[in-house]
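The residues making up each chain are set out below.
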Amino acid sequence: MLKWRRITAAMAIVGTLALIGSGLASAAPATYADNPYERGPAPTIASIEAERGPFAVSEVPVPRGNGFGGGTLHFPNDTSQGTFGAVAVAPGFLEPEILLRWLGPRLASQGFVVLTIETNSPIDFPAARADQLLAALTFMVEKSQAKDRIDGSRLAVMGISMGGGGTLEAATRKHDLEAAIPIVPWNLGGDYSGIRTPTLIIAGEGDIIAPTPLHARPFYDSLSPGLNKAYAEVAGGGHFAPALPNVTVAKYSISWLKRFVDNDTRYEQFLCPIPKDPKTSVFEGNCPHT
Ligand code: 9J6
């Protein structure tokens, strides 16, 4: 009996020490303890508009194969803060990867591993681009040079034009993606009510190749009412605006990825309430995000 008392007392001491220990741990930076996916300092308008975020990045070419046409892998050099979410980005019809490569370091320097892909064929339609976005994510997680830097449970897709159509198809097929960002999306048909992934559609007000009344707008309207979703139209933006570095595309893409891939609510301020941004001609969405 006495022996058991002693053991119980010893366990109580161990338990107390453990509690003191965890108390000390929670005195460490509150942000890290609250959200293990948070990366980088508190954001500001200047930080989401900047050409580069806080992480130095590396850029390595990826050869054709693995289900997509190769491309460029961009990743933060820092391995001290744990893993990052991963984002695959696809170009549009006839577009080479070089046209969207700017998004690689722009997003990766904020704390993501990014693969800007070349498509198998320049004339691949959106369904094939969806296959390739998903193949690129698998490659990133399983084989890429950055595989050890990636949290394979936090993946996202983006794309321009037919790559945006592919983004919508990829999210329709794969419900465990954390974020989807179709940019000036183009596709035939357009019922995306099956998407369960938070989706930000970025369109161009002056797009005459994928006119918003025929593409981005009905795609957005088809998304489920309960979905975390938003629709941002770049004021005066044409179809090829995203082929050059574009601050509006970048700042809301960074905010959406941070909010939904990293669950980083510090970025909610840039999305909700819906921005009154003179660089956008339309901005809609549901808030607050859940
Ligand atoms: O830039 C894009 O990916 C969409 C361009 C659509 C052009 C078109 O109508 O293609 C039909 C084959």
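Structure shown above.
Student: What is the right way to look at the packing of helix α5 (residues 126–142) against helix α6 (residues 162–173) in this model?
Tutor: Each pair of packed helices can be summarised by the angle the axes make with each other and by the distance between the axes. Contact pair α5 / α6: the axes reach a minimum separation of 7 Å and the direction vectors enclose 65°. Crossing of α5 against α6: the hand is right-handed. Residue-level inspection shows P126, A127, R129, A130, D131, L133 and L134 of α5 in contact with α6, the latter providing M162, G163, G165, G166, T167, E169, A170 and R173. Within the contact of α5 with α6, the residues separate by chemical class into seven nonpolar, four polar and four charged.

Student: Help me understand the packing of aromatic side chains in this model?
Tutor: What describes a pair of aromatic rings is the distance from one ring centre to the other and the angle between the planes of the rings. Applying the stated criterion across every chain yields a total of nine aromatic pairs. Ring geometry for F55 and F84: centres 5.5 Å apart, planes at 85°, overall edge-to-face. Taken together, the residues F55 in the loop between α3 (45–49) and β1 (57–62) and F84 in strand β3 (residues 84–90) connect sequence positions 29 residues apart. The ring of F84 carries R39 above its face, with NZ or CZ at 5.9 Å from the centroid. It is R217 that lies over the ring of Y231; its NZ or CZ is 4.8 Å from the centre.

Student: I would appreciate a short explanation of α6 in the present structure.
Tutor: The α-helix winds at 3.6 residues per turn, so residues separated by three or four positions along the chain end up facing the same way. Here α6 contains twelve residues, and its C-alpha end-to-end distance of 16 Å stays within 8% of the 16 Å for a straight helix at 1.5 Å per residue. The element α6 is extensively covered by neighbouring structure, given that ten of its twelve residues are classed as buried. The elements touched by buried residues of α6 are β3, α5, β5 (150–160), β6 (179–183), β7 (199–204) and α7 (216–222).

Student: What am I meant to see in the nonpolar core here?
Tutor: Among the nonpolar cores identified, the biggest contains 40 residues, and F68, L73, V113, L115, L137, M140 and I201 are the most heavily contacted of them. A total of eight residues in this core trace back to one element, the largest contributor, which is α5. Contact partners of M140, with chain neighbours within four places excluded, come to L73, A86, V87, V113, V114, L115, K147 and I150. Core analysis: the second largest hydrophobic core is formed by 35 residues, L103, F112, A156 and Y252 among them.

Student: Would you take a moment to explain unusual backbone geometry for this structure?
Tutor: Negative phi values dominate among residues other than glycine, just as trans dominates among peptide bonds. A cis amide bond links C272 to the next residue, P273, at an omega of -10°. Its location among the elements puts P273 in the loop between α8 (247–261) and β9 (280–285). Between C287 and the following residue, P288, the backbone shows a cis peptide bond with an omega angle of -10°. Inspection of the secondary structure puts P288 in the segment after β9.

Rules and cut-offs
The numbers attached to residues start from 1 for each chain and follow its sequence in the written order. Given that the model is predicted, a residue must reach a pLDDT of at least 70 before its local features are reported, and side-chain atom pairs must reach 80 or more before they are shown or counted; all residues, however, enter totals for whole chains, interfaces and linings. Side-chain measures here rest on the full set of heavy atoms in the structure, leaving out hydrogens and waters. To get an axis, a line is fitted to the C-alpha atoms, and for a helix only the part in contact is used. The angle between two axes follows their N-to-C directions and goes from 0 to 180 degrees. Runs of E in the DSSP output that reach at least two residues are strands. Runs of H or I that reach at least four are helices, and both are numbered from the N terminus. The hand of a helix crossing depends on one turn: near helix anticlockwise from the far one by less than a right angle means left-handed, and clockwise means right-handed. Working rule for contacts: check all heavy atoms of both residues, and any pair within 4.5 Å makes them a contact. We call Asp, Glu, Lys and Arg charged. Ala, Val, Leu, Ile, Met, Phe, Trp, Tyr, Cys and Pro are nonpolar, and the rest, Gly among them, are polar. Here the aromatic set is Phe, Tyr and Trp, taking the six-membered ring for Trp, and pairing holds for ring centres within 6.5 Å; pairs whose planes are under 30 degrees apart are stacked, those over 60 apart are edge-to-face, and all others are tilted. For a ring to carry a charge above it, either NZ of a lysine or CZ of an arginine must fall within 6 Å of the ring centroid while also lying within 35 degrees of the normal to the ring plane. An expected span of 1.5 Å times one less than the residue number is assigned to each helix. A simple rule labels every residue: compare its accessible area, found with a 1.4 Å probe on the protein chains alone, to the largest value its type can have, and call it buried under 20%, exposed over 50%, or partly exposed in between. Residues grouped as a nonpolar core are buried Ala, Val, Leu, Ile, Met, Phe, Trp, Tyr and Cys residues, joined through side-chain atoms within 4.5 Å.

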